[in-house]
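Here is how the chains run, residue by residue.
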Amino acid sequence: MKIKSKIFNTDNSKTTILIRLMTGAVFLSEGMQKFLFPETLGAGRFAKIGLPAPEFLANFTGCFEIICGILVLLGLFVRAASIPLIIIMISAIAATKTEILIDKGFWKMLHESRTDWAMLLGSIFLLIKGSGSWAFDKRWFNNG
């Protein structure tokens, strides 16, 4: 029962919805675009980066971004949904921004990775705080 409480309980913060909307909407949109524009944002981009099995990996990542993005938007299983999103963002930063850091320097890397950092930190915030007041997690698991 204690583990369930740590995973699903959330606080009464009404402003957490702002982070949920930003994070969930961006992940949902990016996941969908991996399928809508596979050559530039999906498998083609993954191949250009040099990732193995780019078609599988792009589709796998896109599915997680869509599913977890929807869960975050709804405020349902937000802490659990945040974990794959954190992994995706750490992987994205490592795969795409390390080369920029090496070739073009620290400030260029920071500029190019601003959205990545915002999504990573938004996901970490949701992992720590939970879904907030206006969420299915609050309604179903906190009896509130």
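Residues numbered from 1 in each chain as written. Predicted model: local features only at pLDDT ≥ 70, side-chain atom pairs only at ≥ 80, totals over all residues. Heavy atoms only, no water.

Undergrad: Could you give an account of the packing of aromatic side chains, naming the residues involved and the relevant values?
TA: On inspection of all chains with the given rule, the structure shows four aromatic pairs. Ring centres 5.1 Å apart and planes at 75 degrees place the aromatic pair F106 and W107 in the edge-to-face group. F106 gets classed as partly exposed once you look at its relative accessible area, which sits at 45%. For the pair F136 and W140, a centre-to-centre distance of 4.9 Å together with 45 degrees between the ring planes defines the contact as tilted. With F136 and W140 both in helix 9 (residues 136–141), this residue pair falls four residues apart, about one helical turn. Overall, F136 belongs to the partly exposed group, its relative accessible area being 32%. Among the residues examined, W140 registers a relative accessible area of 48% and is labelled partly exposed. Here a set of aromatic residues connected by ring pairs shows up, and it is made of F56, F60 and F64. (Phe/Tyr/Trp six-rings, centres within 6.5 Å; stacked < 30°, edge-to-face > 60°. Buried < 20%, exposed > 50% of the residue type's maximum accessible area, 1.4 Å probe, protein only. Helix = DSSP H or I, 4+ residues; strand = E, 2+ residues; numbered from the N terminus.)

Undergrad: Which residues make up the packing of helix 6 (residues 78–104) against helix 8 (residues 114–129), and what are the values?
TA: The interhelical angle for the contact between helix 6 and helix 8, taken along N-to-C directions, is 155 degrees, at an axis separation of 8 Å. Of the possible angle classes, the one that applies to helix 6 and helix 8 is roughly antiparallel. In this structure, helix 6 crosses over helix 8, and the sense of that crossing is left-handed. In this structure, helix 6 uses V78, R79, S82, I83, L85, I86, M89, I90, I93, T96 and K97 to contact helix 8, whose residues at the interface are D116, W117, M119, L120, S123, I124, L126, L127, I128 and K129. (Axes fitted to C-alpha atoms, helices over the stretch in contact; angles between N-to-C directions. Parallel < 35°, antiparallel > 145°, perpendicular 65-115°, else oblique. Left-handed = near helix turned anticlockwise from the far one by under 90°. Contact = heavy atoms within 4.5 Å.)

Undergrad: Could you give an account of the layout of surface pockets, with specific residues and numbers?
TA: Approximately 720 Å³ is the volume found for the largest pocket. Looking at the largest pocket, it is lined by 27 residues, and the ones nearest its centre are K34, E65, I88, M89 and A92. Looking at the lining of the largest pocket, the elements with two or more residues in it are helix 2 (16–36), helix 4 (43–49), helix 5 (54–74), helix 6 and helix 8. In terms of residue count, the dominant contributor to the lining of the largest pocket is helix 6 (nine residues). Residue composition of the lining of the largest pocket, by class: 16 nonpolar, four polar and seven charged. Here the second largest pocket defines a volume of roughly 220 Å³. For the second largest pocket, the full set of lining residues is R45, K48, I49, A95, T96, K97, E99 and I100. (1 Å grid on protein atoms, 1.4 Å probe; cavity = no way out; pocket = protein on both sides within 12 Å on 5 of 7 lines; lining within 4 Å. Points joined across faces, edges and corners; volume = space filled by probe spheres on them. Nonpolar A, V, L, I, M, F, W, Y, C, P; charged D, E, K, R; others polar.)

Undergrad: A description of unusual backbone geometry should follow, citing residues and the corresponding values.
TA: Positive phi, normally seen in glycine, also occurs at A53, with a value near 45 degrees. The topology assignment puts A53 in the loop between helix 4 and helix 5. Positive phi is not limited to glycine here, since F77 has a value of about 55 degrees. By the secondary structure assignment, F77 is in the loop between helix 5 and helix 6. Judged by its relative accessible area of 33%, F77 is partly exposed.

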